[in-house]
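# Inside the fold
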Amino acid sequence: MTPASAPAVSAAEAGGRVLDHPARDEIRVEGVLHALSDPMRLRIVRELAAAESELTCSCFDLPVSKSTSTHHFRVLRESGIVQQIYRGTAKMNGLRRDDLEALFPGLLDRVLDAANRQVQRIGEDR
């Protein structure tokens, strides 16, 4: 399935690889909160929000193995927080802000604000 707000991308445009995403009506608040409860996943979401554009997985400097990083991105995608689209060989990541705001107004902004204040107070979680 593709997200309700995702631009239509054919398998050919995506290099033949299409990733499954939950539709907007399948996103559940407990899944979103679970995904955001992990420090590495919250760090990814904070970086995506600050960038305000799509980023490749390799843009993130996470202190974890590549397989662990891949796991974190998968959890974020399957929970409905991020959209991942292949562009050539790059996997692009973007926040599903519109979907999250429609379902849970203000939730993402409040979590991001709290996380940013925490980083200012005690530093980045590792």
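The structure this text deals with has already been given above.
Let me sum up the structure you'll find in this document. Predicted model, so just to flag it, every value in this text is computed and none were measured. (Residues numbered from 1 in each chain as written. Predicted model: local features only at pLDDT ≥ 70, side-chain atom pairs only at ≥ 80, totals over all residues. Heavy atoms only, no water.)

To continue, consider the overall build of the protein. The number of helices and strands found in the protein is five helices and three strands. Reading the helices (α) and strands (β) of the protein from amino to carboxyl end gives α-α-β-α-β-β-α-α. A total of 126 residues make up the protein; the buried ones form 40% of that total. Pairs at least 24 residues apart make up 64% of the contacts formed inside the protein by residues separated by at least 6 positions. As displayed, the protein has an accessible area near 7200 Å², and 51% of this comes from carbon and sulfur atoms. (Helix = DSSP H or I, 4+ residues; strand = E, 2+ residues; numbered from the N terminus. Buried < 20%, exposed > 50% of the residue type's maximum accessible area, 1.4 Å probe, protein only. Contact = heavy atoms within 4.5 Å. Areas by Shrake-Rupley, 256 points an atom, 1.4 Å probe, with all protein chains shown as cover.)

In total, this model carries eight salt bridges according to the counting rule given. For glutamate 47, the salt bridge is made with arginine 43, and the minimal N-O distance between the two is 3.8 Å. Taken together, the positions of glutamate 47 and arginine 43, both in helix H2 (residues 39-51) and four residues apart, correspond to about one turn of that helix. With a shortest N-O distance of 2.8 Å, aspartate 99 and arginine 96 are connected by a salt bridge. Owing to a relative accessible area of 0%, aspartate 99 belongs among the buried residues under this scheme. Overlapping salt bridges bring together Arg24, Arg96 and Asp99 as one network. (Salt bridge = Lys/Arg side-chain N within 4 Å of Asp/Glu carboxyl O.)

Here the focus is the packing of aromatic side chains. Working definition: an aromatic ring pair is given by the centre-to-centre distance plus the angle between the planes. Applying the stated rule across the entire model yields one aromatic pair. On the basis of an interplanar angle of 65° and a centroid distance of 5.3 Å, the ring pair of phenylalanine 60 and phenylalanine 73 is categorised as edge-to-face. One end of the pair, phenylalanine 60, is in the loop between strand S1 (55-56) and helix H3 (66-79); the other, phenylalanine 73, is in helix H3, and 13 residues separate them in sequence. Owing to a relative accessible area of 2%, phenylalanine 73 belongs among the buried residues under this scheme. (Phe/Tyr/Trp six-rings, centres within 6.5 Å; stacked < 30°, edge-to-face > 60°.)

With that settled, the discussion passes to the environment of leucine 112. Relative to the elements of secondary structure, leucine 112 occurs in helix H5 (residues 107-122). With a relative accessible area of 5%, leucine 112 lands in the buried category. With near-sequence residues (within four places) excluded, leucine 112 lies in contact with Val45, Arg46, Ala49 and Arg97.

So, on to the packing of H2 against H5. For the pair H2 and H5, interaxial distance at closest approach is 10 Å and the crossing angle is 105°. Here H5 runs roughly perpendicular to H2, going by the angle between their axes. Judged by residue contacts, Leu42, Val45, Arg46 and Ala49 of H2 engage Leu108, Val111, Leu112, Ala115, Asn116 and Val119 from H5. (Axes fitted to C-alpha atoms, helices over the stretch in contact; angles between N-to-C directions. Parallel < 35°, antiparallel > 145°, perpendicular 65-115°, else oblique.)

Across a regular strand the side chains alternate sides, sitting on one face of the sheet and then on the other. Pairing between S1 and strand S3 (residues 90-95): two bridges, direction antiparallel. Bridging from a neighbouring strand, threonine 56 pairs with methionine 92 of S3. Between strand S2 (residues 82-87) and the antiparallel strand that follows it, S3, lie two residues; glycine 88 among them carries a positive phi value of about 65°. (Pairing = 2+ DSSP bridges.)

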